[in-house]
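Here's the letter readout for the chains.
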Amino acid sequence: MRGFNDNNVREVANSNNDINVLLVGNNPLEMSIVYEKLYDLKDKIKRIETAFSQADMLNKIHLTHPNCIILDDNLGLKPLKAIIKNVNELSKEAISITLLKTHNKQEVTSGVQEYILKDGIDSIRIYNALRNALKFKKTQQFFRIKYYSGKRNIKRLFI
């Protein structure tokens, strides 16, 4: 089978364990609780960083290259949408966005891969949400690449 070898399987298996998280929010108390839950997963999560503003977040994205971002919904609707738009416009590889929600209202739908309710949050739920969001983001990228490459191939048929 073309493209299938033992090294590719090992690389995929190792890449699932390399989760770098950027925690973004404006409430230090809630952020510290989530940080402690993430720290409990130190064997599964490679690096945890925090940011308290949009500028700080963009700076840390360029410095630490996270592949998962956890956003607190206490930032407010407009700043939250601006942050999501900025992250999705970056030409980085898959950066998944997980939203920490206080209540189960659906205010932000576009650009977020996963949601976690703050009530009863534990480290296993956070880890599963991060992995699911990362898989979803990588799948989106894969289909986007295949779509645009297929679109070019179809154009070549008619030109």
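Provided above is the structure to which this section pertains.
The text that follows walks through the structure, step by step, so that each part is easy to find.

What follows covers the overall build of the protein chain. Broken down by element type, the protein chain carries five helices and five strands. Put simply, the protein chain runs from its N terminus to its C terminus through helices and strands in the order α-β-α-β-α-β-α-β-β-α. Taken across its 159 residues, the protein chain has 33% of its residues classed as buried. Carbon and sulfur atoms make up 53% of the accessible area of the protein chain, which amounts to about 10300 Å² in all.

The terminal C-alpha atoms of helix α4 (residues 77-89) lie 18 Å apart, and with 13 residues this matches the ideal 18 Å at 1.5 Å per residue to within 8%. Of the positions making up α4, those classed as buried are L80, I83, I84 and V87. Taken down its axis, α4 places every buried residue within 100° of arc, on the same side. Those residues of α4 that are exposed and angled more than 90 degrees off the buried face are K78, K85 and E89.

Among the nonpolar cores identified, the biggest contains 19 residues, and I19, V21, L38, I45, I70, I126 and L130 are the most heavily contacted of them. Within the residue set of this core, elements represented by two or more residues are β1 (19-24), α2 (28-39), β2 (45-51), β3 (68-72) and α5 (123-158). Ranked by the residues each element gives to this core, the list is headed by α5, at five residues. When near neighbours in sequence (up to four residues on either side) are disregarded, L38 contacts V21, L23, I45, I48, I70, I126 and L130. Ranked by size, the runner-up nonpolar core spans 16 residues in total, among them L22, V24, L71 and I84.

Assignment of secondary structure puts K44 in the loop between α2 and β2. Of the residues examined, K44 reaches a relative accessible area of 36% and is grouped as partly exposed. Considering only alpha carbons, one finds K44 and D18, 26 residues apart in sequence, at a separation of 7.4 Å.

Two elements, β1 and β2, share six bridges in a ladder whose sense is parallel. In the sheet register, L22 faces β2, and the bridge partner there is E49. Remark: the β1/α2/β2 crossover connection has right-handed handedness.

Here the focus is the pairing of β3. Burial analysis of β3 places five of its five residues in the buried class, which makes it a mostly covered element. One ladder, built from four bridges, connects β1 with β3; its direction is parallel. Pairing of L23 across the sheet is with I70, part of β3. Pairing geometry for β3 and strand β4 (residues 96-101), over five bridges, is parallel. Its bridge partner being in β4, I70 is matched across the sheet by T98.

What follows is about the environment of S110. Following the sequence through the fold, S110 ends up in the loop between β4 and β5 (114-117). On the basis of relative accessibility, which here comes to 59%, the residue S110 falls in the exposed class. As a C-alpha pair, S110 and I84 span 26 residues in sequence and 8.4 Å in three-dimensional space.

With twelve residues, α2 extends 16 Å between its outermost C-alpha atoms, agreeing within 8% with the 16 Å of an ideal straight helix rising 1.5 Å per residue. Of the positions making up α2, those classed as buried are M31, V34 and L38. Axial view of α2: buried residues confined to an arc of 70°, hence all on one face. Counted as exposed and oriented over 90 degrees from the buried face of α2: L29 and E36.

Rules and cut-offs
- Residues numbered from 1 in each chain as written.
- Predicted model: local features only at pLDDT ≥ 70, side-chain atom pairs only at ≥ 80, totals over all residues.
- Heavy atoms only, no water.
- Helix = DSSP H or I, 4+ residues; strand = E, 2+ residues; numbered from the N terminus.
- Buried < 20%, exposed > 50% of the residue type's maximum accessible area, 1.4 Å probe, protein only.
- Areas by Shrake-Rupley, 256 points an atom, 1.4 Å probe, with all protein chains shown as cover.
- Expected span 1.5 Å × (residues − 1).
- Arc of directions from axis to C-beta.
- Core = buried A, V, L, I, M, F, W, Y, C linked by side-chain atoms within 4.5 Å.
- Contact = heavy atoms within 4.5 Å.
- Pairing = 2+ DSSP bridges.
- Right-handed = clockwise from strand over helix to strand, strands pointing away.

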